[in-house]
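A structural walkthrough
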Amino acid sequence: MTKADPPCPVLRRGRAQGALLHMPLCFTAPMRILVIEDDAAIADAIAAALERSGHAVDRLDNGRQADVALRDHFYDLVVLDLGLPQVDGVELLKRVRARADAVPVLVATAREELEERVHALDLGADDYLVKPFALSELEARVRALLRRRTTRGVPELRLGRLRIDLPRRRAHLDDHALDLTPREFGLLEALVARLDRVISREQLVEALCSWDATLTDNGLDIAVYRLRRKLEGSGVGIRTVRGVGYLLEAEDAPA
Ligand code: CA
């Protein structure tokens, strides 16, 4: 583990591979969100709020680049401004739906774009917010869209004494909330999504990093170590499968 950390693999990841990684799962980990917004201050605020919620966020400020990114990468959700340079949001949405991409799209638009807003819903936006909006409302809408897409109405998972609330990104051991960082929760979510199957280190790194953030080998080791400590006594453990990866499994109940 001493060689230099590789760049985040999403830059080289094709859509098919991303889809393969996500498709068999009824919940995925952690959510990858693309924010398309040309007002830097608004984009900063949205990205910061979503990252605080534990999501991996990529940002683009023009429609042409966003069109390419949406063709080449897998996203769980898109936050889309309508007034964008090069290719505007309405045209971008049209292109996305024309290629049968069902990625949930939350349109964030100025009030004067009312007609376009209605048009956007007709074109296949899933929800919209009118600027200026409270970040708490944005977060709530994002949670609702992700819940609809990823958990099919089953927002909570139980494993041993562990309860995992996917939309709120919290975990409880019996009635006690576990104090997990967003990275640790993401790791738990990635592991639980492949329950009883081994997940490789590469898959974990891919699940946990975004374009502008790399997860080092050491960072992954530390996150696994800390999550293991926090899961002690839960009846759920992370087993290392030498040379392959990790496996989350329910431990045998004590006799
Ligand atoms: Ca704009």
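Here the structure is a predicted model, which means the values were calculated and not measured. (Residues numbered from 1 in each chain as written. Predicted model: local features only at pLDDT ≥ 70, side-chain atom pairs only at ≥ 80, totals over all residues.)

Structural notes on the overall build of the chain
Assigned secondary structure in the chain consists of nine helices and 12 strands. Among the 255 residues that make up the chain, the fraction classed as buried is 34%. The long-range fraction of contacts in the chain, counting pairs at least 24 apart against all pairs at least 6 apart in sequence, stands at 61%. (Helix = DSSP H or I, 4+ residues; strand = E, 2+ residues; numbered from the N terminus. Buried ≥ 20, exposed ≤ 12 C-beta atoms within 10 Å, placed from the backbone. Contact = placed C-beta atoms within 7 Å.)

A closer look at the sheet that holds strand β6 (residues 156-159)
The strand order across the open sheet formed by four strands is β6-β7-β8-β9, and the pairing between neighbours is antiparallel. Two strands close off the open sheet at either side, each with one partner strand: β6 and β9 (176-177). Here β6 pairs with strand β7 (residues 162-165) via four bridges, running antiparallel. Residue Arg158 lies in a different strand from β7, and its bridge partner there is Arg163. (Pairing = 2+ DSSP bridges.)

Digging into the nonpolar core
Ranked by size, the top nonpolar core spans 34 residues in total, and within it Ile33, Leu34, Ile36, Leu77, Val79, Leu80 and Leu106 carry the most contacts. Broken down by secondary-structure element, the contributors of at least two residues to this core are β1 (32-36), α2 (40-52), β2 (56-60), α3 (63-72), β3 (77-81), α4 (89-98), β4 (105-110) and α6 (135-150). Discounting chain neighbours no more than four positions away, the residues touching Leu34 are Asp58, Leu60, Ala66, Ala69, Leu70, Tyr75 and Val78. (Core = buried A, V, L, I, M, F, W, Y, C linked by C-beta atoms within 7 Å.)

Observations concerning the pairing of strand β11 (residues 236-241)
With six bridges joining them, β11 and strand β12 (residues 245-250) adopt antiparallel strand pairing. For Arg239, the partnering residue across the bridge sits in β12 and is Leu247.

Here's the deal with the sheet that holds strand β10 (residues 199-200)
The sheet built from three strands is open, its strands ordered β10-β12-β11 with antiparallel pairing. Each edge of the open sheet carries a strand with a single partner, namely β10 and β11. Inspection of the sheet shows β10 paired to β12 by two bridges, in the antiparallel sense. Considered in β12, the bridge of Ser200 is made with Gly245. The strands that helix α7 (residues 182-192) touches are β10, β11 and β12; relative to β12, the one it contacts most, it runs at about 80 degrees. Where helix α9 (residues 217-231) meets the sheet, it contacts β11 and β12, and its direction lies at approximately 145 degrees from that of β11. (Axes fitted to C-alpha atoms, helices over the stretch in contact; angles between N-to-C directions.)

A look at the packing of α7 against α9
For any two helices packed against each other, the geometry comes down to the angle between their axes and how far apart the axes lie. α9 packs onto α7 with a crossing angle of 80 degrees between their chain directions and a minimal axis gap of 10 Å. In terms of axis orientation, α7 runs roughly perpendicular to α9. Across the interface between the two elements, Arg183, Glu184, Leu187 and Leu188 from α7 touch Ala223, Val224, Arg226 and Leu227 from α9. (Parallel < 35°, antiparallel > 145°, perpendicular 65-115°, else oblique.)

Points about α7
Extensive coverage of α7 is indicated by the burial of nine of its 11 residues. Every buried residue of α7 is accounted for by Arg183, Glu184, Phe185, Gly186, Leu187, Leu188, Glu189, Ala190 and Leu191.

Focus on unusual backbone geometry
Backbone torsion omega between Lys131 and Pro132 reads 0 degrees, so that peptide bond is classified as cis. Along the chain, the position of Pro132 falls in the loop between β5 (127-131) and α6. In the Ramachandran plot, Gln86 falls in the positive-phi region, its phi being about 70 degrees despite a non-glycine side chain. Along the chain, Gln86 falls in the loop between β3 and α4. The backbone of Asp174 sits at a positive phi, close to 50 degrees, despite the residue not being glycine.

Let's talk about the environment of Ile36
Within the secondary structure, Ile36 sits in strand β1. Sequence spacing of Ile36 and Leu80 is 44 residues, and the spatial spacing of their C-alpha atoms is 5.0 Å. When sequence neighbours within four positions are dropped, the list of residues in contact with Ile36 reads Leu60, Ala66, Val78, Val79, Leu80, Asp81 and Leu84.

Brief notes about the pairing of β1
For a regular strand, side chains alternate in direction, first toward one face of the sheet and then toward the other. Burial analysis of β1 places five of its five residues in the buried class, the great majority of the element. Of the pairings in the sheet, the one linking β1 to β2 comprises five bridges and is parallel in character. Looking across to β2, one finds that Arg32 is bridged to Ala56. With respect to chirality, the unit in which β1 leads through α2 into the neighbouring parallel β2 is right-handed. Alignment of β1 against β3, held across four bridges, turns out to be parallel. (Right-handed = clockwise from strand over helix to strand, strands pointing away.)

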